Amino acid sequence: MDKSKRPFIKSKRSFRRRLPPIQSGDRIDYRNMSLISRFISEQGKILSRRVNRLTLKQQRLITIAIKQARILSLLPFLNNEKQFERAESTTRTASFRTKNK
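Residues numbered from 1 in each chain as written. Predicted model: local features only at pLDDT ≥ 70, side-chain atom pairs only at ≥ 80, totals over all residues. Heavy atoms only, no water.

Enquirer: Talk me through the nonpolar core; I want residue IDs and the actual numbers.
Expert: When a protein is soluble and globular, its nonpolar side chains tend to lie buried together. In terms of nonpolar packing, the biggest core is built from eleven residues, these being Ile22, Leu35, Ile36, Phe39, Ile40, Leu54, Ile62, Ala65, Ile66, Ala69 and Leu75. Among the elements of the structure, helix 1 (33-36) and helix 3 (56-71) are those that each provide at least two residues to this core. For this core, the leading source of residues is helix 3, giving four residues. The contacts of Ile62, once residues within four sequence positions are left out, are Ile22, Ile28, Leu35, Phe39 and Leu54. (Core = buried A, V, L, I, M, F, W, Y, C linked by side-chain atoms within 4.5 Å. Buried < 20%, exposed > 50% of the residue type's maximum accessible area, 1.4 Å probe, protein only. Helix = DSSP H or I, 4+ residues; strand = E, 2+ residues; numbered from the N terminus. Contact = heavy atoms within 4.5 Å.)

Written out as structure tokens, the structure reads:
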């Protein structure tokens with residue numbers, strides 16, 4: 001059967017609409033750390049609009065707020081999970097080796 005003559009078959013899967021990530025009462029601001037931290041990856045990168053499911057205006061405001069928070073040191077520029085532990089430096093003793101005579 002040609003594709004043009006096939007009847008349109010609606011899928012039987014139920015569709016659950018996701019809630020928007022930002023409610024109408026939420027204020028997008030650099031001081032609102034609980035809101036901002038939801039839109040940052042584990043590495044500290046700003047997540048894309050497609051991943052966040054935000055509108056263009058909301059994504060711009062979130063990006064500006066994150067950058068302001070980084071400049072004011074409320075957020076780190078990089079969020080490295082690896083904590084570089086300082087290896088305990090071996091203490092050198094002041095004793096000198098003496099030659100056996």
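Enquirer: Let's hear about the pattern of salt bridges: which residues, and what values?
Expert: Evaluated as defined, the whole model comprises two salt bridges. Ionic pairing is found between Asp26 and Arg38, a salt bridge with its closest N-O pair at 3.9 Å. Residue Asp26 is located in the segment before helix 1, and its partner Arg38 is located in the loop between helix 1 and helix 2 (49-52); the two are separated by twelve residues in the primary sequence. Residue Arg31 is joined to Asp29 by a salt bridge in which the shortest nitrogen-to-oxygen separation is 2.8 Å. (Salt bridge = Lys/Arg side-chain N within 4 Å of Asp/Glu carboxyl O.)

Enquirer: How would you sum up the confidence of the model for the protein? Please name residues and give values.
Expert: Chain-level pLDDT for the protein is 78 on average; 66% of the residues reach the 70-or-more range. Summarising per-element confidence for the protein, the mean pLDDT is lowest in helix 1 (91) and highest in helix 3 (94). Confidence drops under a pLDDT of 50 for residues 84-90, and excluding neighbours within four residues, the segment shows zero contacts in the predicted structure. (pLDDT = per-residue confidence, 0-100.)

Enquirer: Residue-level account of a nonpolar patch on the surface, with values.
Expert: A surface patch of nonpolar side chains, amounting to about 570 Å² of accessible area, comprises Ile71, Leu72, Leu74, Phe77 and Leu78. The topology assignment puts Leu72 in the segment after helix 3. (Patch = residues over 30% accessible without salt bridge, like charges linked within 9 Å, V, L, I, M, F, W, Y side chains within 5 Å. Areas by Shrake-Rupley, 256 points an atom, 1.4 Å probe, with all protein chains shown as cover.)

Enquirer: Please give an account of the side chain of Gln59 that cites residues and values.
Expert: By the secondary structure assignment, Gln59 is in helix 3. Among the polar contacts made by the side chain of Gln59, one reaches the main-chain carbonyl oxygen of Leu47 at a distance of 3.2 Å. (Polar contact = N/O pair within 3.5 Å; in protein donor to acceptor, adjacent residues only side chain to side chain.)

Enquirer: Explain helix 3 to me, using residue names and the numbers behind them.
Expert: The terminal C-alpha atoms of helix 3, which comprises 16 residues, lie 23 Å apart, in line with the 22 Å expected from a rise of 1.5 Å per residue. Among the residues of helix 3, those classed as buried are Gln59, Ile62, Thr63, Ala65, Ile66, Ala69 and Arg70. Considered in projection along helix 3, the buried side chains sweep an arc of 165° and stay on one side of the axis. Every exposed residue of helix 3 that faces more than 90 degrees away from the buried side is listed here: Lys57, Arg60 and Ile71. In this fold, the buried residues of helix 3 make contact with helix 1 and helix 2. (Expected span 1.5 Å × (residues − 1). Arc of directions from axis to C-beta.)

Enquirer: Account for unusual backbone geometry, with residues named and values stated.
Expert: Even without being glycine, Arg53 reaches a positive phi, approximately 60°. Within the fold, Arg53 resides in the loop between helix 2 and helix 3. Assessed through its relative accessible area of 40%, Arg53 is described here as partly exposed. The backbone of Ser73 shows a phi angle near 65°, a positive value even though the residue is not glycine.

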